[in-house]
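Geometric and topological summary
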Amino acid sequence: MGQVEQADWFRFCTVDFSQLDSLERCLGEFARRTLDGVLIRQVYPAEYMREISARIERHDPPFYIFPQTTPPAAARKHKHLYGITLVAADRSLSEYFRVAEGFRAHCRELFRDGVDYEERMRHIFSVLGGGRPVSLPRNPDGQGYMPATIRILPAGTTIDLHCDNNLSHHPTYAHLKTVCDVSNQLSFFLTINTPGAGGELVVYERRWSHNDDAPSEYVVSKDSSMVEDCEWISIKPQPGDMILFAGGRIYHRVAAAQGSRPRYTIGGFLANGLDGKALYYWS
Ligand SMILES: O=C(O)CCC(=O)C(=O)O
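In this report, the structure presented in the accompanying data block is examined.

Cut-offs applied
Residues numbered from 1 in each chain as written. Predicted model: local features only at pLDDT ≥ 70, side-chain atom pairs only at ≥ 80, totals over all residues. Heavy atoms only, no water. Salt bridge = Lys/Arg side-chain N within 4 Å of Asp/Glu carboxyl O. Helix = DSSP H or I, 4+ residues; strand = E, 2+ residues; numbered from the N terminus. Buried < 20%, exposed > 50% of the residue type's maximum accessible area, 1.4 Å probe, protein only. Pairing = 2+ DSSP bridges. Polar contact = N/O pair within 3.5 Å; in protein donor to acceptor, adjacent residues only side chain to side chain. Contact = heavy atoms within 4.5 Å. Near = heavy atom within 4 Å. Areas by Shrake-Rupley, 256 points an atom, 1.4 Å probe, with all protein chains shown as cover. Nonpolar A, V, L, I, M, F, W, Y, C, P; charged D, E, K, R; others polar. Expected span 1.5 Å × (residues − 1). Phe/Tyr/Trp six-rings, centres within 6.5 Å; stacked < 30°, edge-to-face > 60°.

Here we take up the pattern of salt bridges. Within this structure, the stated rule accounts for 11 salt bridges. Asp36 is the salt-bridge partner of Arg11, the closest N and O atoms lying 3.6 Å from each other. Within this pair, whereas Arg11 is found in the segment before β1 (12-16), its partner Asp36 is found in the loop between α1 (26-32) and β2 (37-41), the two being separated by 25 residues in sequence. Among the residues examined, Asp36 registers a relative accessible area of 0% and is labelled buried. Notably, a salt bridge pairs Arg249 with Asp36, separated by 3.2 Å at the nearest N-O pair. Note that Arg249 is positioned in the loop between β12 (242-245) and β13 (250-254) and Asp36 in the loop between α1 and β2, a separation of 213 residues in sequence. Judged by relative accessible area, which is 11%, Arg249 ranks as buried. Residues joined by salt bridges that share partners form a network here, namely Arg11, Asp36, Arg207 and Arg249.

Here it is in structure tokens:
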């Protein structure tokens, strides 16, 4: 089945950052499943994103690169992250929490002359959550989780088909599951740079079901045959735009980037605290 422009299976709205208040409490709609995604335009000016792209290109500040590559510049040819995700980290999580602390400092430095990235995300989530507090989860030792990762996709690379509810099967999610409802997590990312062509977020009509995963099995990417008969929509946010969508239960992928400029995004996940009050974000 082909692409559809508007779909009743993907309820989506687009607003300008200056109209953010019109999204007040929209997280309730995500919870009731009457909303599947929002695109917030110009969360940062496109011009500022060009400056942030140039810094990422220069590896300034010197973020931790995953996977580790020697020399660091060799990573450029391949898909890689600045920072590390919970599912990529080793089970002890000592590396994860160490990298998280460095990432937060580097991220503040990356946005040093604009609005701080974490501050802006927390503000947006708080408005969307009707004024609820927004926190970074912390482990029992008080160490903070990764607030986001920067995803770098050079030409030809993709993020394959997946559904983020599957991530919580990974053993490294054990503590996070005691803090927030990871089975209804939302995905968000801010686009820093778009490649010349490609790099769209493709969302499918297919919804996640427990039966899709072998019991408690985490898989990096799902077989594309799962969506071959499904309708789909592709979305290409522009630099400075942020998207938040129900990536926990909607199958999605990122199409191959093309051209000489890589695709840069920064993002993570958002979920309701089990106490019913706070919202939590992590990567
Ligand atoms: O484009 C990105 O940064 C990641 C998109 C994605 O697959 C996700 O948010 O789960």
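Burial along strand β11 (residues 232-235) is one-sided: the residues Ile233 and Ile235 are buried and none of Trp232 and Ser234 is. Examined bridge by bridge, strand β10 (residues 201-207) and β11 share four bridges and lie antiparallel to one another. Paired with Leu201 across the strands is Ile235, a residue of β11.

Attention now goes to the side chain of Lys222. By secondary structure assignment, the location of Lys222 is in the loop between β10 and β11. Lys222 gets classed as buried once you look at its relative accessible area, which sits at 13%. Within the structure, the side chain of Lys222 is placed 3.1 Å from the backbone oxygen of Asp212, a separation counted as a polar contact. Excluding anything up to four places from it in sequence, Lys222 contacts Leu161, His162, Asn166, Asp212, Asp213 and Tyr251.

All right, on to the site of the ligand then. Residues in contact with the ligand, as listed here, are Arg151, Ile159, His162, Asp164, Ser187, Phe189, His252, Val254, Arg263 and Thr265. Here an oxygen atom of the ligand and a side-chain polar atom of Thr265 are 2.6 Å apart. In isolation the ligand has 300 Å² of accessible area, and contact with the protein removes 97% of it. Where the shell around the ligand is concerned, the elements lending two or more residues are β7 (159-162), β8 (186-193), β13 and β15 (263-272). Partitioning the shell around the ligand into residue classes produces three nonpolar, four polar and three charged.

To continue, consider the pairing of β8. Residues in a regular strand point their side chains to alternate faces of the sheet. Taking burial as the measure, the eight residues of β8 include eight buried ones, the bulk of the element. Sheet analysis places β8 next to β15, joined by seven bridges and oriented antiparallel. If you follow Phe188 over to β15, its bridge partner there is Gly268.

This next bit is on helix α4 (residues 117-128). Given 3.6 residues to a turn, an α-helix orients residues that are three or four positions apart in the same direction. Compared with the 16 Å implied by 1.5 Å per residue over 12 residues, the 17 Å span of α4 between its first and last C-alpha is a close match. Taken residue by residue, α4 has Tyr117, Glu118, Arg120, Met121, Ile124, Phe125, Val127 and Leu128 as its buried positions. A distance of 3.3 Å separates the backbone nitrogen of Glu118 from a side-chain oxygen at the start of α4, and that oxygen is part of Asp116. Just past α4, the residue Gly130 takes up positive phi, approximately 70°.

Helix length check: helix α3 (residues 94-110), at 17 residues, gives a terminal C-alpha distance of 24 Å against a target of 24 Å (1.5 Å per residue), a fit within 8%. All of the buried residues along α3 are Glu95, Tyr96, Phe97, Val99, Ala100, Phe103, Arg104, His106, Cys107 and Leu110.

The geometry of two aromatic rings is summed up by the distance between their centres and the angle between their planes. Counted by the stated rule, this structure contains 15 aromatic pairs. For the ring pair Tyr44 and Tyr48, a centre distance of 6.1 Å and an interplane angle of 35° mean the geometry is tilted. Using a relative accessible area of 1% as the deciding quantity, one classes Tyr44 as buried. Summarising the aromatic geometry, the rings of Phe63 and Tyr82 are spaced 5.3 Å apart at their centres and angled 15° between planes, so their arrangement reads as stacked. With Phe63 in the loop between α2 (46-57) and β3 (65-66) and Tyr82 in strand β4 (residues 80-82), this pair connects stretches of sequence that are 19 residues apart.

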